[in-house]
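Residues per chain are reported as follows:
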Amino acid sequence: MDPRASFSILMLLVGFSQAVFLPEQELADLLVTQPENVDITTKILETNNGSTEVLLEGDLVFPKTRNALYCFNNNCFWKKNANNLVEVPYIVSSEFTYYEKSTIQKAMTSFHSKTCIRFVPRSSQVDYISIENLDGCYSSLGRTGGKQVVSLKRGGCVYHGIVEHELNHALGFYHEHTRSDRDQYVRINWQNISPDMAYNLQKQNTNNQNTPHDHSSAMHHGNTALATQHGQETTTPTPDASAQTGQRQEPPNIDIPRINKPHGCRSRGSCLCDVTDHLI
C-alpha cells in the first residue's frame with residue numbers, strides 16, 4: 001500500500017478515536033453552542049410555518065379561555081415559594097436528546113443567575129410547563145393553569161435563544177415590538193408586510209412597568225421579520241435606524257428588571273439549585 005495512503009488512514013483513525021472518547025459534557029457543550037448564530041425570529045417563523053396551532057405574533061398560542069392576549073394581573077404570573085423565589089415547575093419530553101436537554105437546561109440557568117425565577121422539576125404541582133417536541137416553537141402567554149405546553153420542535157427550535165424566548169412568553173411577557181408604546185421607538189413598514197401577516201405586528205395593551213423600549217431585548221423581532229421579500233425591512237428602529245434589534249444569548253439588562261419587577265423581586269437572584277431533567 002502507498003505509504004501516504006497508510007498515513008492518511010492512520011490519521012483518520014486517530015481523529016475518530018479522539019471524537020469517540022471526547023468527554024460527554026465537552027461534546028455536549030460543542031454541539032449545543034455551534035448553532036447560536038441563528039436569527040431567532042427567522043428561525044421561529046420558518047419552523048412555525050404550517051403549524052396546526054393558531055398562533056398570534058408568530059409564536060403565541062391563541063388563548064382558548066379569553067378572546068385576546070392578556071397578562072396584566074397576578075393570576076398570569078407564577079407563584080413564589082417560601083424562600084421568595086418564583087417557582088416554575090416543568091417536565092421535559094423524553095424525545096429530546098441529551099444534547100437538546102442540555103440546551104434547554106442552559107437557557108433555564110440563564111434566568112436563575114439573574115432573576116428570582118427558578119425552573120424546578122415537577123413533582124406533584126398542578127400548574128406546570130411541559131416542554132414537548134411538537135410542530136413548532138411556541139408557548140402560551142403566562143401561567144394558564146394546569147399543564148401548559150411549550151413546544152420546541154427538534155431540528156428547528158432547540159437553540160439557546162429560542163428556548164429563552166419561549167420561556168419568557170410562558171412567564172407572561174409579550175414581544176417588545178408589539179408593546180403599547182412601540183410607535184415611539186419603532187417604525188412599522190407596513191408596505192413590506194403581507195396583509196395576511198400584518199396582524200402579527202398589531203400593538204397590544206401592555207403594562208410596560210415604566211421601563212424603556214429595548215431594541216436588543218430577547219423578545220424583539222428582527223428588522224426583516226415577516227417581510228414579503230427577502231431582506232426587506234419591516235421594522236425600523238427610531239431614532240437610530242442602524243440599531244440592531246433582537247439578540248440571541250443572555251437576557252439584556254432591561255429584560256432583567258422586567259422579569260423581576262412584576263414578580264415582586266427586589267434584586268437579581270443567584271442560582272441556588274441545579275436544573276435537572278424530568279421526563280414525561
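What comes next is a walk through the structure. Predicted model, so just to flag it, every value in this text is computed and none were measured. (Residues numbered from 1 in each chain as written. Predicted model: local features only at pLDDT ≥ 70, side-chain atom pairs only at ≥ 80, totals over all residues. Heavy atoms only, no water.)

## Here we look at the packing of aromatic side chains
- Applying the stated criterion to the full structure yields 3 aromatic pairs.
- The interplanar angle of 70 degrees and the centroid separation of 5.6 Å between the aromatic rings of Phe111 and Phe119 together place this pair among those described as edge-to-face.
- Across from the ring centre of Tyr128, 3.9 Å away, lies the NZ or CZ of Arg122, which sits over that ring. (Phe/Tyr/Trp six-rings, centres within 6.5 Å; stacked < 30°, edge-to-face > 60°. Lys NZ or Arg CZ within 6 Å of the ring centre and 35° of its normal.)

## Re the sheet that holds strand S5 (residues 128-132)
- Taken together, the 5 strands give an open sheet; going across it, the order is S4-S3-S5-S7-S6, and neighbouring strands pair in mixed fashion. The open sheet has two free edges, formed respectively by strand S4 (117-121) and strand S6 (137-138), since each of these has just one partner strand.
- When S6 meets strand S7 (residues 147-152), the two strands line up antiparallel, connected through 2 bridges. Following the sheet pairing, Cys137 is matched in S7 by Leu152.
- On top of the sheet, helix H5 (residues 160-171) reaches strand S3 (86-92), S4, S5, S6 and S7; it is set at about 160 degrees to S7, its chief contact. (Pairing = 2+ DSSP bridges. Helix = DSSP H or I, 4+ residues; strand = E, 2+ residues; numbered from the N terminus. Contact = heavy atoms within 4.5 Å. Axes fitted to C-alpha atoms, helices over the stretch in contact; angles between N-to-C directions.)

## Description of the pairing of S4
- The buried count for S4 comes to 4 of 5 residues, which makes it a mostly enclosed element.
- Direction of pairing for S3 relative to S4: parallel, over a ladder of 5 bridges. Within S4, the position partnered with Val88 by the bridge is Phe119.
- Regarding the hand of the β-α-β motif, the stretch spanning S3, helix H4 (residues 98-112) and S4 is right-handed. (Buried < 20%, exposed > 50% of the residue type's maximum accessible area, 1.4 Å probe, protein only. Right-handed = clockwise from strand over helix to strand, strands pointing away.)

## Observations regarding the nonpolar core
- Counting residues in hydrophobic clusters, the biggest one holds 32 residues, and the most contacted among them are Ile104, Ile117, Phe119, Ile129, Ile131, Leu152 and Leu171.
- At the level of secondary structure, the elements contributing two or more residues to this core comprise helix H3 (40-48), S3, H4, S4, S5, S7 and H5.
- The dominant element in this core, judged by the number of residues it contributes, is H5, at 5 residues.
- Here Ile104 is in contact with Val92, Phe96, Ile131, Leu152, Val158 and Val163, once residues within four sequence places are set aside.
- In this structure, Val186, Ile188, Ala225 and Leu226 belong to the second largest nonpolar core, which totals 6 residues. (Core = buried A, V, L, I, M, F, W, Y, C linked by side-chain atoms within 4.5 Å.)

## Re the pattern of salt bridges
- Applying the stated criterion across every chain yields a total of 7 salt bridges.
- Across the pair Glu100 and Arg154 runs a salt bridge, and its minimum N-O distance is 2.9 Å. Of this pair, Glu100 sits in helix H4 while Arg154 sits in the loop between S7 and H5; the two residues are 54 residues apart in sequence, bridging distant segments of the chain.
- Across the salt bridge formed by Arg143 and Asp127, the nearest N and O atoms sit 2.9 Å from each other. Of the two residues, Arg143 sits in the loop between S6 and S7 while Asp127 sits in the loop between S4 and S5, which places them 16 residues apart along the sequence.
- Asp127 gets classed as partly exposed once you look at its relative accessible area, which sits at 21%.
- Members of the salt-bridge network, linked through shared partners, are Glu176, Arg179 and Asp181. (Salt bridge = Lys/Arg side-chain N within 4 Å of Asp/Glu carboxyl O.)

## Considerations on the packing of H4 against H5
- The geometry of H4 relative to H5 is characterised by a closest axis approach of 9 Å and an angle of 55 degrees between their N-to-C directions. Regarding the angle of H4 to H5, the classification is oblique. For H4 against H5, the interelement crossing comes out right-handed. Across the interface between the two elements, Thr103, Ile104, Lys106, Ala107, Met108, Ser110 and Phe111 of H4 pack against His160, Val163, Glu164, Leu167, Asn168 and Leu171 of H5.
- Residue composition of the contact of H4 with H5, grouped by class: 7 nonpolar, 4 polar and 2 charged. (Parallel < 35°, antiparallel > 145°, perpendicular 65-115°, else oblique. Left-handed = near helix turned anticlockwise from the far one by under 90°. Nonpolar A, V, L, I, M, F, W, Y, C, P; charged D, E, K, R; others polar.)

## Let's talk about H5
- The terminal C-alpha atoms of H5, which comprises 12 residues, lie 17 Å apart, in line with the 16 Å expected from a rise of 1.5 Å per residue.
- The buried fraction of H5 amounts to 12 of the 12 residues, a majority that puts the element mostly inside the structure.
- Of all the residues in H5, the buried ones are His160, Gly161, Ile162, Val163, Glu164, His165, Glu166, Leu167, Asn168, His169, Ala170 and Leu171.
- Trailing H5 by a residue or two, Gly172 shows a phi angle of about 115 degrees, which is positive. (Expected span 1.5 Å × (residues − 1).)

## Quick look at the side chain of Ser139
- Note that Ser139 resides in the loop between S6 and S7.
- Only 3.5 Å separates the side chain of Ser139 from the backbone nitrogen of Ala170, close enough to count as a polar contact.
- When neighbours within four sequence positions are excluded, Ser139 is seen to be in contact with Asp59, Leu60, Val61, Val149, Val150, Glu166, His169 and Ala170. (Polar contact = N/O pair within 3.5 Å; in protein donor to acceptor, adjacent residues only side chain to side chain.)

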